[in-house]
Amino acid sequence: MSRVELRSVSKRYPKADDLAVKQISFEIPDGELVVILGPSGCGKTTTLRMLAGLEGVTSGEILFDGKPVQDTPPAARNIAMAFENYGLYEQWDVFDNIAYPLRLRSVPDAQIESSVTGIASGLGIADYLGQRPGALSGGVRQRIGLARALVRDPSVFLLDEPMSHVDADGRNDMRLEIRRIHERTGATMVIVTHDQEDALMMADRILIMNEGGIEQYDTPRQIYDAPATAFVAGFVGEPPMNILSVSRSGDSLDGAGFAASIPYGLDAALVPGRQLVAFRPHLTRIVSGPAAGAAGGLVLTGQVYMVEPFGERTIVTVQVGQTRVKVESRAQESYDLDSVVSLLVRTEDLHVFADPAGSGRGERF
Amino acid sequence: MTAELKVSELSVTYGDVAAVRIDELSLDAGEFGVLLGPSGAGKTSSLKAIAGLLPGAAGAVHLGGRDISRTAPEERDIAMCFESYALYPHLTVRKNLEFPLRAPRRVRELTAQERRRRVDEVADVLGLGQLLERRPAQLSGGQRQRVSLGRALVRRPTLLLLDEPISHLDAKLRNGMRAELKRMQRDMGVTTLFATPDQGEAFALGDRVFVLDAGELRQVGEPTELYLRPSNVRVAELLGAPRINLVDGEVRGQRVTVLGLERPAEGLRDGPVLVGLRPADLTVGGHRELEAAVVAVQPLGNAAIVTVKVSGQTLRVLTQGAFDEWQVGDAVGLGVRSGSLLLFDPVTTMCVKAGI
Amino acid sequence: MMSKLGAWGRRLFLLVWVVFALLPAYWALSTSFKRQVDIYNGPKMIPFVDFTPTLDAWQRLWVASQSDFLPKLLNSFVFSAVSSLIAVVLGAFAAYGLARFEYRYGAYRNDDISFLIVSQRIMPPIVSVLALYVVYVQLRALDTAWGMILAFTSMNLPIAVYLLRSFFAAIPEELEQAAALDGYPAVLRLVRVVFPLAAPGLASAFMLSFFFAWNDFLFALMLTFNKAQTLPLYISSLSAQSQPEWALIAAVGMIALIPPVVVTLVLDRYMSKQVLVGGVR
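What you see is a predicted model; the values in this text were computed from it and never measured.

Topic: the overall build of chain B
Secondary structure summary: chain B contains eight helices and 21 strands in total. Referenced to the eigenvectors of the C-alpha coordinate spread, the extents of chain B come out at roughly 75 × 45 × 35 Å. When burial is assessed residue by residue, chain B has 50% of its 356 residues classed as buried. A separation of at least 24 residues holds for 64% of the contacts in chain B among residues at least 6 apart in sequence.

Structure representation (structure tokens):
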């Protein structure tokens, strides 16, 4: 069990112009499960590898239980790591692969037997224990790597995209299992993923990274309900938050091709000039027809652009001026394309972010 | 030029194992079809067989009325986007995109200038303009995927086969590319078959979904149709997330009993029955018909997946809104939305009744 | 251990090793500038200090070149280069077949055929060359260019096939499938996609074949007597006297180094390890 702390840690790769990780600082209390979430290239894997000791730290300190470890080799840090690309020993069967770390530490055979079979059944791979990894599917191989990391009793578990090759159903079960293992061992765990559902479901706290820096570090509830930046707002949640670039003029909010009256109660949060107003698709309601504004929220008018049924939910895209707003509902709804509708979002469900760049947040992937 | 696809009696065997057996698969000209199936179902084999890349495949493939079953893949005018991208590593992006246009049968169709213009056009649409002189090794996953797509589109094929082209991109990128794909396909009007294991993608993309499982087609139809009226258990399992709950029930006297609930079941004979309950059709909390115990709570932001135990069976529920108030071990009321039960014959796995 | 030596320790170690490795070559080079008397009077390594350098041997070589030396040099080069080319080309097609298709001749599958081919090299050359001699007598192939080229090709073909098979197997089949769909018939796929990606393998196979042929003494000894003689034989003839002219031999040896080095330098640009990166996920 370890408390993990990073102080002003930076990483520059040789011959790179930019820092891959820019002076980040955060602390993980002993026994917490933290998920580092972010898009490709944000520095999350680099951070994990620095925690493991597989990458050197360009500057800053990493401390386990108050002791600096940034110069300690990986083997001496008492960590266990599961890699996205498995790193399995092909010449041994699955049981031996998982047992290896225990054998290295001279754990008695009976205990090895129970630990390995226990972990294997928890992750759904007990049937494969006698086989070689070579012939098994990607999802199974990934789980073997995970089992091998989890079977020990290290200070810190580090998992790098541990479920990226597992299909949707298996993912849900594995998230539950990782949580269970966490609760059972009480170990400090750091998990890297780009899948925000993984983060929301597993984390005690989520560390959101973007372009080498930390956007927000908070509980899943807070990150979802109170995103600190427009990036976090747009990154967490599927479908992503609707983010409108507006400028305040007098009593109305002007956006690209639309205008809306300022809802009562939002006044205090607004600044003069440009800003971003954001709200979640599932908290947006469609009220048919060009209705007059209700006092309790933001009202936008637009035309139905697309209706996408998804089984459990329906996502309606409404063209408001030059922006497209998505509305999510659990009912099986249908609207005529191009019909005029009004959208209502309650004031308490609105978020306002400063827009320093002066232009809307266009996301080009 | 776009054409309709008609595949009949397609079979792919590896050694003695029959990997795929599809009786019929048809797409109208310009239609976006989705081949949905879990890993190992035979999606890649099916696509490769249609493309003529598998010598061990048998069956008839008609494109635009022409029988191409015995035509070499070079001549079929089919383009395929491989799951592994299959970019030529020794060529620049530009040369990769140009490669199909320089093939012997096509090289005389266009002048060098026209080729260049075509490549620039495609690169523009896919946002590859800055990357044309790079090699695949210098590209990110998303960029490689776009090059792979560009190479397929640059020659305006009659049929476009996409094998999980966006499965390996990160979540945000994937959603963006999905929308782009749909738009491009609509603009180009090319008949497309898209293979994926992700049911969400099937909903988002498909005009028509072909559900493939263990090498066979289980059902064909619009995604919502397959969701609401699956013809068998497998289709019910493969569409909808989280996965549908399947519990044992009993029909007696034209009524079905499951978990202590009773619903009318007209026209059914007495006997055991498998009941499908979608997590989204279950509700927890408050005063409801059934009493359940909370086993696990997995928060999702705007909802939560709550695993409950009721009458000895474990069920997953997709709640509306967050589920903060309940803890593991709590007793909660469990409700089942009326009209949401799906009944399946436990032996044939066929759906015998829906909507009760 | 290396880290304990420190940076300067490492450099010293490498320097010593380089000196050790290049010493024979240096020795030969310096010998080629020595007078006979200096050679017999003990190891003298440093010019102008230990001994007086002279261009004697080189002048002798120049004089002897037209009639003796150059034809043999040319023979060596032509035989080695042509046989290597043939071995690599034929070997490439065979290796591609073994890598991609499934053969079955009775109980013989791909691996068996591969082994059959490679096993030709397990047999000691002295055994095969005697048999070859007998056959060549009948065919009147002794002391002919085509006879030598054929012999070298047969010696090198197994190596080429063995080496190239794994290179071809490493190229993902989906690249060829993509090329097929892009409209390229089989041979063009090989030429435009497979061979460029197998370039390191092709270059290695060529170099290896060239070196084996270039350095061969036995085949040349047995299968030639006059016009088709190669460089190693020339060197050997120089030393088969009671008072061999070591300086001359050293000079010839230095010249003999040059073509293999040139071949390596020319082919070096194809020896990239990274050719396949980026092709498939």
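Focus: the environment of Ala236 of chain B
Residue and element names in this part refer to chain B. Note on placement: Ala236 falls in helix 8 (residues 233-238). In the structure, Ala236 is positioned ten residues away from Leu246 in sequence and 9.6 Å away in space, judged by C-alpha atoms. Apart from the residues lying within four places of it in its own chain, the contact partners of Ala236 are Pro230, Ile244, Gly276 and Leu342.

Points about the interface of chain A and chain B
In this assembly, 29 residues from chain A lie in contact with 33 residues from chain B. Listing elements by their share of the side of chain A that touches chain B, those giving two or more residues are helix 5 (168-185), helix 6 (196-202), helix 7 (220-225) and strand 16 (297-309) of chain A. Per element, the largest residue contribution to the side of chain A that touches chain B is five residues, and it comes from helix 5 of chain A. Residues belonging to the side of chain A that touches chain B are distributed by class as follows: twelve nonpolar, eight polar and nine charged.

Here's the deal with the domain arrangement of chain A
All names here are of chain A. Domain boundaries in chain A define domain 1 (4-234) and domain 2 (240-354). Between domain 1 and domain 2, the C-alpha centre-to-centre distance is 38 Å. If you look at the interface, domain 1 gives five residues, while domain 2 gives seven residues. Looking at the side of domain 1 that touches domain 2 residue by residue, the class counts come to three nonpolar, two polar and no charged.

Points about the confidence of the model for chain B
Segments scoring low in pLDDT should not have their predicted coordinates read at a detailed level. Residues at a pLDDT of 70 or more form 100% of chain B, whose mean pLDDT is 89. The complex model carries a pTM of 0.84, and its ipTM stands at 0.85.

Some remarks on the sheet that holds strand 17 (residues 304-310) of chain B
Residue and element names in this part refer to chain B. Taken together, five strands build an open sheet; the order of strands is 15-19-16-17-18 and the sheet is antiparallel. The sheet is open, and its two borders are formed by strand 15 (282-284) and strand 18 (313-318), each paired with just one other strand. Neighbour-to-neighbour, the strand axes of this sheet turn through a mean angle of 40°, independent of strand direction. Pairing analysis gives six bridges linking strand 17 to strand 18, with the strands arranged antiparallel. Residue pairing for strand 18: Val310 is matched across the bridge by Gln313.

Some points on unusual backbone geometry
For residues that are not glycine, phi is negative in most cases, and the peptide bond is trans in most cases. Look at the link from Glu238 of chain A to Pro239 of chain A: it is a cis peptide, with omega at 5°. Along the chain, Pro239 of chain A turns up in the loop between helix 8 (230-235) and strand 11 (242-249). For the bond running from Ala241 of chain B to Pro242 of chain B, omega is -5°, close enough to zero to count as cis. Among the structural elements, Pro242 of chain B can be located in the loop between helix 8 and strand 11 (245-252).

As for the interface of chain B and chain C
Counting residues at the interface gives 26 residues for chain B and 22 residues for chain C. When grouped by side-chain class, the residues that make up the side of chain B that touches chain C number 19 nonpolar, three polar and four charged.

Focus: the environment of Val190 of chain B
Residues and elements named next belong to chain B. Mapped onto the fold, Val190 is located in the loop between helix 5 (171-188) and strand 8 (191-196). For Val190, a count of 23 C-beta atoms within 10 Å corresponds to the buried category. In this structure, the C-alpha to C-alpha distance between Val190 and Ser231, residues 41 residues apart in sequence, is 30 Å.

What to know about the environment of Gly215 of chain B
Residue and element names in this part refer to chain B. By the secondary structure assignment, Gly215 is in the loop between strand 9 (208-213) and strand 10 (216-221). On a C-alpha basis, the gap between Gly215 and Met80 in space is 20 Å, while along the polypeptide they are 135 residues apart. Apart from the residues within four sequence positions on either side, Gly215 is in contact with Ala18, Ala19, Val20, Arg21, Ala41 and Gly42.

Points about the nonpolar core
Counting 257 residues, the largest nonpolar core has Ile98, Ala147 and Val190 of chain A together with Met80 and Leu161 of chain B as the members making the most contacts within it. With twelve residues, helix 6 (residues 145-169) of chain C is the largest single contributor of residues to this core. Aside from chain neighbours lying at most four places away, what touches Ile98 of chain A is Val116, Ile119, Ala120, Ile144, Ala147, Arg148 and Val151 of chain A. One finds Ala57, Phe69, Leu248 and Val252 of chain C within the second-largest nonpolar core, a separate group that totals eleven residues.

What counts and how
By convention here, each chain's residues receive numbers from 1 onward along its written sequence. Chain letters and ligand numbers both follow the written order, the letters beginning at A and the numbers at 1. Local features in this predicted model are restricted to residues whose pLDDT is 70 or higher, and side-chain atom pairs enter the listing and the counts only when it is 80 or higher, whereas totals over whole chains, interfaces and linings include all residues. In this text, helices come from DSSP runs of H or I with a minimum length of four residues, and strands from runs of E with a minimum of two, each type numbered from the N-terminal end. Whether a residue is buried, exposed or partly exposed is read from the other C-beta atoms within 10 Å of its own C-beta, which are placed from the backbone; 20 or more gives buried, 12 or fewer gives exposed, and intermediate counts give partly exposed. Residues are treated as contacting if the C-beta atoms built from their backbones sit within 7 Å of each other. Only Asp, Glu, Lys and Arg are considered charged, only Ala, Val, Leu, Ile, Met, Phe, Trp, Tyr, Cys and Pro nonpolar, and every remaining residue, Gly among them, polar. Residue ranges for the domains trace back to a domain assignment, done automatically or taken from a database. Each residue carries a pLDDT score, the predictor's own confidence in it, on a scale running from 0 to 100. A pair of strands counts as paired when DSSP detects no fewer than two bridges linking them. Axis definition: a line fitted to C-alpha atoms, over the contacting stretch in the case of helices. Angles run 0 to 180 degrees between N-to-C directions. In this description, a nonpolar core means buried residues of the types Ala, Val, Leu, Ile, Met, Phe, Trp, Tyr and Cys, linked to one another by C-beta atoms lying within 7 Å.

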